[in-house]
Each structure stands twice: as C-alpha cells, then as structure tokens.
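Secondary and tertiary structure notes
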Amino acid sequence: MTEVTNERKVKAVSSSIRVAVSGAAGRMGREVVRAVIEAEGLELAAAIDRLHEGEDASALAGLPSGGVLIESDLGSALKDAHADVLVDFTLPAGVMANLRTALALGVIPIVGTTGLSQADLAEIGDLAAKKGIGALVAPNFAIGAVLMMQFAAQAAKYMPDVEIIELHHEKKLDSPSGTAMLTARLIGEARRAAGASAVAMPENTMEKAHGARGAREEGTFDIPVHSVRLPGFVAHQEV
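Criteria and thresholds
Residues numbered from 1 in each chain as written. Predicted model: local features only at pLDDT ≥ 70, side-chain atom pairs only at ≥ 80, totals over all residues. Heavy atoms only, no water. Pairing = 2+ DSSP bridges. Helix = DSSP H or I, 4+ residues; strand = E, 2+ residues; numbered from the N terminus. Axes fitted to C-alpha atoms, helices over the stretch in contact; angles between N-to-C directions. Contact = heavy atoms within 4.5 Å. Salt bridge = Lys/Arg side-chain N within 4 Å of Asp/Glu carboxyl O. Parallel < 35°, antiparallel > 145°, perpendicular 65-115°, else oblique. Nonpolar A, V, L, I, M, F, W, Y, C, P; charged D, E, K, R; others polar. pLDDT = per-residue confidence, 0-100. Core = buried A, V, L, I, M, F, W, Y, C linked by side-chain atoms within 4.5 Å. Buried < 20%, exposed > 50% of the residue type's maximum accessible area, 1.4 Å probe, protein only.

1. Quick notes on the sheet that holds strand E7 (residues 164–168)
Paired through backbone hydrogen bonds, the strands of a sheet run either parallel or antiparallel to each other. In space, the 3 strands of this open sheet follow the order E8-E7-E9, with mixed pairing throughout. At either end of the open sheet lies a strand with only one pairing partner, and these are strand E8 (225–229) and strand E9 (235–238). If you compare each strand with its neighbour and ignore which way they point, the axes differ by 15° on average. In this structure, E7 lies alongside E8, joined through 5 bridges in parallel fashion. If you follow Ile164 over to E8, its bridge partner there is Val225. Most of the contacts of helix H8 (residues 178–194) go to E7, to which it runs at about 165°, and overall it touches E7, E8 and E9.

2. A few points about the pattern of salt bridges
Opposite charge on two side chains permits them to pair, given that their charged atoms come into close proximity. Scanning all chains against the criterion turns up 6 salt bridges. For the salt bridge of Arg229 with Glu166, the shortest nitrogen-to-oxygen distance reads 2.8 Å. You can see Arg229 sitting in strand E8 and its partner Glu166 sitting in strand E7, a full 63 residues away along the chain.

3. Focus: the sheet that holds strand E4 (residues 85–88)
The strand order across the open sheet built from 6 strands is E3-E2-E1-E4-E5-E6, with neighbouring strands paired in parallel fashion. Strands at the two margins of the open sheet, each flanked by one partner only, are strand E3 (70–71) and strand E6 (136–137). Sheet topology note: the strand E1 (residues 17–22)/E4 ladder contains 4 bridges and is parallel. By the bridge assignment for E4, Ala20 is matched with Leu86. Running at roughly 155° to strand E2 (residues 42–48), helix H2 (residues 27–38) makes contact with E1, E2 and E4 of the sheet.

4. Some details on the packing of helix H5 (residues 92–104) against helix H6 (residues 118–131)
Packed helix pairs are specified by the crossing angle of their axes together with the interaxial distance, meaning the distance between the axes. Remark: H5 packs on H6, axes separated minimally by 10 Å, with the N-to-C direction vectors making an angle of 10°. Relative to H6, H5 is oriented roughly parallel. Along its contact with H5, which presents Met96, Leu99, Arg100, Leu103 and Ala104, the element H6 presents Asp120, Glu123, Ile124, Leu127, Ala128 and Lys131. Within the contact of H5 with H6, the residues separate by chemical class into 7 nonpolar, no polar and 4 charged.

5. Remarks on the confidence of the model for the protein
Segments scoring low in pLDDT should not have their predicted coordinates read at a detailed level. Scored by pLDDT, the protein comes out at a mean of 89, with 90% of its residues at no less than 70. Here helix H1 (residues 6–13) stands out as the element of the protein with the lowest mean pLDDT, 46, in contrast to E4, whose mean of 98 is the highest.

6. Overview of the nonpolar core
Within the largest apolar cluster, 17 residues are counted, with the highest numbers of intra-cluster contacts made by Val21, Val32, Val33, Leu44, Ala47, Ile70 and Val87. Going through the elements one at a time, E1, H2, E2, helix H3 (57–60) and E4 are the ones with two or more residues in this core. Apart from the residues within four sequence positions on either side, Val32 is in contact with Val21, Val87 and Phe89. Ranked by size, the runner-up nonpolar core spans 13 residues in total, among them Met149, Ala152, Ala156 and Val225.

7. Some words on unusual backbone geometry
Most peptide bonds are trans, and most residues other than glycine sit at a negative phi. The peptide bond linking Ser175 to Pro176 adopts the cis configuration, its omega dihedral lying at 0°. Looking at the element boundaries, Pro176 is found in the loop between E7 and H8. Located in the positive-phi region is His52, a residue other than glycine, with phi close to 60°. Of note, His52 is situated in the loop between E2 and H3. For His52, a relative accessible area of 32% gives the class partly exposed. A positive phi angle, close to 60°, is found at Asp222, a residue other than glycine. One can find Asp222 in the loop between H8 and E8.

Given below as structure tokens:
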C-alpha cells in the first residue's frame, strides 16, 4: 500500500481553505480571526503574533475557544498547520519577511498591512510567479473605499486637479496611508490615459513649511497627499 502523508490526510478530511492569520492579536487580526471562523468554507488553521503567545485565538477574538493557540514562529506555524492562505495584518517593518516566508512555503498571502513600496510589490509578484501561486495586496478591504477610489479615477479624466486628505489615528505608522497611495496611483494613471494634466503650480513656489503642500513622490504621481494623525480618527479620506 502507498503511505498517505500527513498533509494529504489533512486535505482529505477537509475541503475548507485553511487560513493562517499573522498579527492575530491585533485589532484587525482579531476581526480576521472572527471572520474566518464564522465563514463557510474557511478554517482557522493557525494564528501568529508576538503578543499573547499561547492564548486561544478564538477566545481572544471574543468567540468560544477553538483550540488554535497563538504562536510566535510564522514558518513553523505555517508548516505544522498545512496552511493554504496567510492573511497578514502586522507592521510595515516586518511584513516583507512574513511574505517571503509564506511564499517560500507555497502559502498564498493576502496582505492588509500597508506601507509597502513599489519595489516590495514587484518582489511579491516575482516570488509568487516563481511559485505559481497568487498574492493579493489590498490597502483597504472596505467596499466604500474601493468605490471611492474608482469614482476618483473616473472623475480625474475630467477634473485632473486633485488633492488627497487622509486622517487616521495617532498610532498608524505609515504616512501617507496605503489607501491614499493607491488612490493617487489610480488617479495618476487615469489622468495619463486621458491625456489630462493638473494646472501647474507657479514657478519658484516656496512653502512656508516643508511638506505643507502634501507628500509628493513617485508613488503619489505628484498628487499632494496630506496626512493627519490624531486621536479620535479611525480611517477617513477625502479626495
């Protein structure tokens, strides 16, 4: 008889997608844990975080205990759980290391962590292509935010003069936000495709305070992005 490996046994007894959550002890991580547990066709396979190690991930998310304990070693957790997918809501400083680990193991990453550069995105694409698997990087999972970005891109063809103001809580580490960066890119691409351009600023314009006109760099297509970080805000954006 042919011996059946543990991995094949796991997949034989369950047709659900096995999901690992990195950053499971954080605010968004707990939401993801709840969503996975409550969704049909998904199974919480592993929970990874440097905080609350050894605690039950389901209980930490406000649900009855489910037996999946929070671990700190991502590689070991993914291997032992035979995860199909990794949902990452961690920090900009460590997200690329997490994604390299997941992709090396053939685990599909779904990334909600923001702060990734264009070079990071290119590397993720290359690694995923080499493994023959997909990868999803979504700066914002809210339907309203996605619609706002699409509407802004449509409007930019006809009204190319635009600035973005984004407001978040004081603990958000990246600035501008990933949503603002993606919004700016979509607007910039729409303007370029339509042959539309914004009114040029006067020559020799001097800012009284550096950056007062907002962040301007290659990633924002020269669209001013103003970032506010204050207590009381959660996630807010105006275009």
